[in-house]
Amino acid sequence: MAISFRKVEHNYKGLKKNDFVAALHNINLDIAKDDEFVAVVGQTGSGKSTLVSHMNALLLPTSGEVKIFDYIITPKKRKNPKLKPIRKRIGFVFQFPEYQLFEETVLKDIMFGPKNFGIKEEEAKTKALQAAKLLGISDELLTKSPFNLSGGQMRKVAIAGILAYNPDILLLDEPTRGLDPKTASEVMAIFNKINKEYHKTIIVITHDMNLVYKYANRVIGMKDGQIHFDGKPLDLFSSNIYKECHLAKPDILALVDYLNLKMDLNLGYDIYSEEELLKRLKDVTK
Ligand SMILES: Nc1ncnc2c1ncn2[C@@H]1O[C@H](COP(=O)(O)OP(=O)(O)OP(=O)(O)O)[C@@H](O)[C@H]1O
Ligand SMILES: [Mg+2]
C-alpha cells in the first residue's frame, strides 16, 4: 500500500490553553499506489482537509501512525528532514491555492515544483509548458503575476504546478471549487485521464456528487472526524448512508428515482450518463 493510516487521531490546538479540537478520530485506511480514484466527501468541518493533509505529512498525527510509501510518520517525527521525498511523490493542491502561489509570473510558479525537486531550468520549463497546455492555460496568462488571476485561474495554475513534477499520487482539496461547471468537468476529465492512462492514484476532496458518481471508483465519507463510509459510489448512493453523511444524491440518480416513481419502472442505479439512461428507458418501454 502507498498510504496507510493506523489508529490516527488529530487534535488542533484550541483558543485557550489546554483546549483542543478533535478533528480526526480512529482513522484506519489503506490506499494503493495505482489505479485508485478516491473521492473524499462529507459535510463542512467533517475532517476532509485534515485527513488528506496527513497523506503527504503536511499535518502529523497527534497519535497513531501514517505510512507513506516507506516513510513512517508518527507524532514524534515533527522535525523529520526527509519529508521532501514524500512531497515529490505525493503532490498536493491545497484548498486555497492563493496560499500556494508566490512567484513573479505564472510560468515561474508552475516551474517552481520541478526546479525544487532538482530538475534543471530548461527541462522544468518544458514540463511547465506541457502542464499548462494540458490545463488550457493560455500563453498570455503565463507572463502575468499569479496574484492578478481569478480564483479559478489560480486553481488551474496550482494544479499545473503539481502536474509539472509528475508525482506518483495526486491529492486535490476541492480542485473544482471556483471553476464554472464546464471547466470543472474538464479539470476532472484531466484527472480521469491521468488515472486511466497513467494508472496514477488520485485523491480528490469534493462537494460535487455528480463528479463523484461520474469519476470516483471509491468514496470515503467523513462524518464528525471519522470514516463513516468507505466503498463504491454505487453502494453509498443506493443506501441511506449518503443521507447520514449529509450528502446530496447525484442528479442522474435523482432522475432515475423520479422516472421509477412516475412511470412505475424499476430502473437500476448502475447508470452514469443521460445517454445510458435513455438507452435503458428505450429497452424497458419497448
Ligand atoms: N487550523 C485549525 N485550528 C483549529 N481547528 C481547526 C483547524 N483547521 C480545522 N479545524 C477544525 O477541525 C475540524 C475539521 O476541519 P477540516 O478543515 O478538516 O474540515 P473539512 O471537512 O475539510 O471542511 P470544509 O468542507 O469546510 O473544507 C473542524 O471542526 C474545524 O473547525
Ligand atoms: Mg476542507
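Everything numeric in this text was worked out from a predicted model, so none of it was measured.

Draft legend 1. Inspection of helix 4 (residues 121–134) at higher detail. Look at helix 4: 20 Å from first C-alpha to last across 14 residues, which is about the 20 Å you get at 1.5 Å a residue. Each element contacted by the buried residues of helix 4 is listed here: helix 3 (106–116), helix 5 (139–142) and helix 6 (151–163). One or two steps after helix 4, the chain reaches glycine 136, where phi turns positive at roughly 70°.

Draft legend 2. Here's a closer look at the packing of helix 3 against helix 4. For the pair helix 3 and helix 4, interaxial distance at closest approach is 8 Å and the crossing angle is 120°. The angle between helix 3 and helix 4 falls in the class oblique. In terms of crossing hand, the pair formed by helix 3 and helix 4 is right-handed. Of the residues in helix 4, those in contact with Leu107, Ile110, Met111, Pro114 and Lys115 of helix 3 are Glu121, Ala124, Lys125, Ala128, Leu129 and Ala132.

Draft legend 3. Quick peek at a nonpolar patch on the surface. Side chains of Phe102, Phe112 and Phe147 sit close together on the surface and give an oily, nonpolar patch of about 290 Å² of accessible area. With respect to the element layout, phenylalanine 102 can be found in the loop between strand 6 (90–93) and helix 3.

Draft legend 4. Helix 6, seen in detail. Counted at 1.5 Å a residue, the expected span for helix 6 with its 13 residues is 18 Å, and the 19 Å between its end C-alpha atoms agrees. Counting buried residues in helix 6 gives 11 out of 13 residues, a clear majority hidden from the surface. Close packing links the buried residues of helix 6 with strand 6, helix 3, helix 4, strand 7 (169–173) and helix 7 (181–198).

Draft legend 5. Structural view of the side chain of histidine 54. Here histidine 54 is to be found in the loop between helix 1 (48–53) and strand 4 (63–68). For histidine 54, the side chain forms a polar contact with the main-chain oxygen of leucine 60, separated by 3.5 Å. Once you skip the residues sitting within four places of it in the chain, histidine 54 turns out to touch Phe5, Val8, His10, Leu24, Leu59, Leu60, Pro61, Val66 and Ile68.

Cut-offs used in this document
- Residues numbered from 1 in each chain as written.
- Chains lettered and ligands numbered in written order.
- Predicted model: local features only at pLDDT ≥ 70, side-chain atom pairs only at ≥ 80, totals over all residues.
- Heavy atoms only, no water.
- Helix = DSSP H or I, 4+ residues; strand = E, 2+ residues; numbered from the N terminus.
- Expected span 1.5 Å × (residues − 1).
- Contact = heavy atoms within 4.5 Å.
- Axes fitted to C-alpha atoms, helices over the stretch in contact; angles between N-to-C directions.
- Parallel < 35°, antiparallel > 145°, perpendicular 65-115°, else oblique.
- Left-handed = near helix turned anticlockwise from the far one by under 90°.
- Patch = residues over 30% accessible without salt bridge, like charges linked within 9 Å, V, L, I, M, F, W, Y side chains within 5 Å.
- Areas by Shrake-Rupley, 256 points an atom, 1.4 Å probe, with all protein chains shown as cover.
- Salt bridge = Lys/Arg side-chain N within 4 Å of Asp/Glu carboxyl O.
- Buried < 20%, exposed > 50% of the residue type's maximum accessible area, 1.4 Å probe, protein only.
- Polar contact = N/O pair within 3.5 Å; in protein donor to acceptor, adjacent residues only side chain to side chain.

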